[in-house]
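Residue-level listing of the chains:
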Amino acid sequence: MSDDARRTRAAGADGLGRRERPRREVRAGRTAFGRRTARRARALAASGTTETQRAATGLTGTGAYTRTRTASGGAAVDGARRGAQVRLFRAVRAARASLERAWRWTSATLTGLGLAMAIVVVAGAAFGYTLGWIELVAVAFTSFALLLLGVFFLLGRNSYDVGLSLDRDRVVVGDDVNATLLVNNPTRFRLPPVKSEVPVGRGLAEFYLGSIPRQGRTTRQFSVPTSRRGVVRLGPVRTVRADPIGLLRREYVWTSHLDLFVHPVTVPIPATSTGLIRDLEGNPTRDLTNSDVSFHALREYAPGDDRRHIHWKSTARTGQLMVRQFEETRRSHLVIALSLASADYHSEEEFELAVSVAGSIGIRAIRDARDVSVLASAELASAEPAEFARRGVNTPRRLSSLSRSRLLDDLARVEHSPRASALTGLARGIADSVSGASVAIIVCGSEATAAQLRSASAAFPPGVEVLAIVCNPGIVPSLRRVGELRVVTIGYLDDVQKALARAAS
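Residues numbered from 1 in each chain as written. Predicted model: local features only at pLDDT ≥ 70, side-chain atom pairs only at ≥ 80, totals over all residues. Heavy atoms only, no water.

**A few points about the overall build of the protein**
How we decide: Helix and strand assignments follow DSSP, with helices taken as H or I runs no shorter than four residues and strands as E runs no shorter than two, numbered in order from the N terminus. Three labels apply to residues, based on accessible area from a 1.4 Å probe with only protein chains included: buried if under 20% of the type maximum, exposed if over 50%, partly exposed otherwise in between. Two residues form a contact once any of their heavy atoms are found within 4.5 Å. Each accessible area value is a Shrake-Rupley result obtained with a 1.4 Å probe; residue values ignore everything except the protein chains displayed when judging cover.
Scanning the protein from N- to C-terminus turns up 13 helices and 20 strands. Every one of the 505 residues in the protein was classed for burial, and the buried ones make up 37%. Restricting to contacts in the protein with at least 6 residues of sequence separation, those with at least 24 account for 69%. Working note: accessible area of the protein is about 30,100 Å², and carbon and sulfur atoms make up 54% of it.

Structure (structure tokens):
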């Protein structure tokens, strides 16, 4: 074989090998054609065009470059247009976010006086130059200068170590509670004077903190008002920087908030009064059972009966297996129903007395380790139809009765509402949600009528002893009957002890 033939065969074999060798990478040459191809591919990817769509529209890479130039040029134009739309949308969104941040900063920084001054700047400049009034122009420039000077008082940010503490987090109405505000300077420089604010419920405690030396501290103590039952929120602590005129104001929040529970006033109730109407605990009922402690009668043995209850003497006498039958005993389950309907109370004093009565009875039951459930009226949503409120279709609000503190915490949160369910709805909700109740106590105000009390009492299942406690501040205590219902009226919290003892006798 000649050298030319050998070279031709080797070249053919080498070319076949290169064609069959798998490709590990692809690279685009940095020529003008390569750059245009890369841009066209990126444009197609941005427009979401797939390979199948490009084949259907004739935008495949087969054929000469001159044959696909027009089609690829149209796709590139569409891709560029879509890219421009995306960039425009992103720019608009970024501008809107910047405007929102600027507006939040301006609304949080500009006070009412500062806003009025800014309006004076705009209106004075507009009307002054339009009408040619030099006085208005001077007023506008003066107001602008004051706003500009106020900005310099807000520049910079100081570092503080702020703490807020309470000596107690649970108190009774009227007790003294002290809060402590501690501010440390962790920096190596002396900090300038600043004003600190601590929200206390609906009020605000303000303190002027003088200049604090480096590594120094300052303390401020103040008392928290506890004249009314509820949950008082303290904090968060914030420092305020403002200009001397009060045009601009900048706040820094340092701590989270604290909750102070102001419990209602309660009175101790003797343990002998917890039975209220009749102490049903341990008393037998008319329900028969195969296993209990109260013997009822003997009957013939049935498959499945416990052999331990076989009465052997009767069995030997009758010649048939006889077993004991018992009367089921039950443990009394006390239910306290607190009405939260504003229509049931004449004043705030009545409602506070009702909350104290419910808390006193509930605490006594918890201390005696009795089964107790404390429920309050549910608040109907304003969007619910009126017939739902009339029929009492709602689930009562259950208060915690696990411990004394948890019950008082929940009672500190309750408030009367005009949308709360009435007594009948409350009683129906309790009858549907609480099973095994033996004694029910309804606590309400003086506006509840006898018909409403009787209807609420009838909503409970048969066998439940119902007692209504009507709170009417200043009235002489009394006990009356409304059908099968006993109604106790009290005028002071101390009257609940004697009233319950009288109702139980």
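There is more to say, and it comes next.
**Quick look at a nonpolar patch on the surface**
Which entries qualify depends on this criterion: Residues qualify for a patch when their relative accessible area is over 30% and they have no salt bridge, like charges being joined within 9 Å and the nonpolar side chains of Val, Leu, Ile, Met, Phe, Trp and Tyr within 5 Å. We count a salt bridge whenever a side-chain nitrogen from Lys or Arg sits within 4 Å of a carboxyl oxygen from Asp or Glu.
Taken together, the side chains of Phe144, Leu148, Leu149, Val151, Phe152 and Leu155 present a nonpolar region at the surface, about 590 Å² in accessible area. A residue is classified by how much of its surface remains accessible, and Leu155, at 51% relative accessible area, is exposed.

**Remarks on the side chain of Thr109**
Within the element layout of this structure, Thr109 appears in helix α4 (residues 69-109). Beyond its immediate chain neighbours, meaning those up to four positions away, Thr109 contacts Leu154, Leu247, Leu248 and Arg249.

**A short note on the packing of aromatic side chains**
Put simply, the rule is: Any two of the Phe, Tyr and Trp rings considered here, Trp counted by its six-membered ring, make a pair once their centres fall within 6.5 Å; the pair's planes then place it as stacked at under 30 degrees, edge-to-face at over 60, or tilted in between.
The final tally for this structure, using the stated rule, is 3 aromatic pairs. Taken together, a centroid distance of 5.6 Å and an interplanar angle of 85° make the contact between Tyr160 and Trp254 edge-to-face. Of this pair, Tyr160 sits in the loop between α6 (134-152) and β1 (161-166) while Trp254 sits in the loop between β9 (249-253) and β10 (258-263), and the two are 94 residues apart along the sequence. In this structure Tyr160 comes out as buried when scored by relative accessible area, which is 10%.

**With respect to helix α11 (residues 423-433)**
Looking at α11, one finds that the buried residues are Leu423, Thr424, Gly425, Leu426, Ala427, Gly429 and Ile430. If you follow the buried residues of α11, they end up packed against β14 (333-338), β15 (371-376), β17 (439-445) and α12 (450-458).

**Quick word on the side chain of His333**
Our working definition: Two N or O atoms form a polar contact when they lie within 3.5 Å of each other; inside protein one atom must be a possible hydrogen donor and the other a possible acceptor, and for residues adjacent in sequence the pair counts only when both atoms belong to side chains.
Along the chain, His333 falls in strand β14. Judged by its relative accessible area of 13%, His333 is buried. Only 2.9 Å separates the side chain of His333 from the side chain of Ser373, close enough to count as a polar contact. Residues contacting His333, with those up to four places away along its chain left out, are Asp371, Val372, Ser373, Val434, Ser435, Gly436, Ala437, Ser438 and Val439.

**Considerations on the confidence of the model for the protein**
Going by this rule: The pLDDT value tells you how sure the predictor is about a given residue, anywhere from 0 up to 100.
For the protein, mean pLDDT is 79; residues scoring 70 or higher make up 76% of the total. Segment residues 1-36 is flagged for pLDDT under 50; beyond a separation of four residues in sequence, or across chains, it makes 7 contacts in the model. Throughout residues 49-70 the model reports pLDDT below 50, and contacts reaching past four residues in sequence, or to other chains, amount to 15 contacts.

**Topic: the state of the cysteines**
Covalent bonding between the sulfur atoms of two cysteines defines a disulfide. The condition is simple: Any two cysteine sulfur atoms within 2.5 Å of one another count as a disulfide.
Tallying each qualifying case throughout the model produces 0 disulfides. Looking at Cys444, it has no disulfide partner, and the nearest cysteine sulfur is the one in Cys471, 7.3 Å off. By relative accessible area, Cys444 is classed as buried at 0%. Judged by relative accessible area, Cys471 falls into the buried class, the value being 0%.

**Thoughts on the pairing of β14**
Formally: Should DSSP find at least two bridges between two strands, the strands are regarded as paired.
Along β14, 6 of the 6 residues are buried, which leaves the element largely enclosed by surrounding structure. Summarising the sheet, β14 and β15 pair through 6 bridges and their orientation is parallel. Counted as the bridge partner of Ala337 is Leu375 from β15. As paired elements, β14 and β17 share 5 bridges and run parallel to each other. Each bridged residue has a counterpart across the sheet, and for Ile336 the counterpart in β17 is Ile441.

**Details of the sheet that holds strand β16 (residues 397-399)**
Sheet strands line up and pair through hydrogen bonds in the backbone, either parallel or antiparallel. The test is simple: Here an angle of 0 to 180 degrees is reported between the N-to-C directions of two axes, which are lines fitted to C-alpha atoms, with helices fitted over the stretch in contact.
Pairing is mixed in the open sheet, where 7 strands are placed in the order β16-β15-β14-β17-β18-β20-β19. A single partner strand is all that each edge strand has here, and the edge strands are β16 and β19 (478-482). Strand-to-strand twist in this sheet, taken as the mean axis angle between neighbours without regard to direction, amounts to 25°. Here β15 pairs with β16 via 3 bridges, running antiparallel. Following the sheet pairing, Val374 is matched in β16 by Leu399. Set on the sheet, α11 makes contact with β14, β15, β16 and β17; between it and β14 the angle comes to about 150°. Where α12 meets the sheet, it contacts β17, β18 (465-471), β19 and β20 (485-490), and its direction lies at approximately 130° from that of β20.

**Details of the packing of α11 against α12**
A pair of packed helices is captured by two measures, namely the crossing angle of their axes and the spacing between those axes. We count it as follows: Just so you know how the angles are binned, under 35 degrees is roughly parallel, over 145 roughly antiparallel, 65 to 115 roughly perpendicular, and the rest oblique. All amino acids are sorted into three groups, where Ala, Val, Leu, Ile, Met, Phe, Trp, Tyr, Cys and Pro are nonpolar, Asp, Glu, Lys and Arg are charged, and the leftover types, Gly among them, are polar.
Orientation of α11 relative to α12, taken along the N-to-C sense of each, is 10°, at an axis distance of 8 Å. For the element pair α11 / α12, the angle class is roughly parallel. Residues Leu423, Thr424 and Ala427 of α11 form the contact with α12, whose participating residues are Gln452, Leu453, Ser455 and Ala456. Per-class residue counts for the contact of α11 with α12 are 4 nonpolar, 3 polar and no charged.

**Quick look at unusual backbone geometry**
Cis geometry is adopted by the peptide bond preceding Pro236, which originates at Gly235 and carries an omega value of 0°. On the secondary structure map, Pro236 appears in the loop between β7 (230-234) and β8 (238-242). Backbone geometry places Gln215, a non-glycine residue, at a positive phi of 60°. Despite not being glycine, Ala369 has its phi angle at roughly 60°, a positive value. Summarising the element assignment, Ala369 is placed in the loop between α8 (348-367) and β15.

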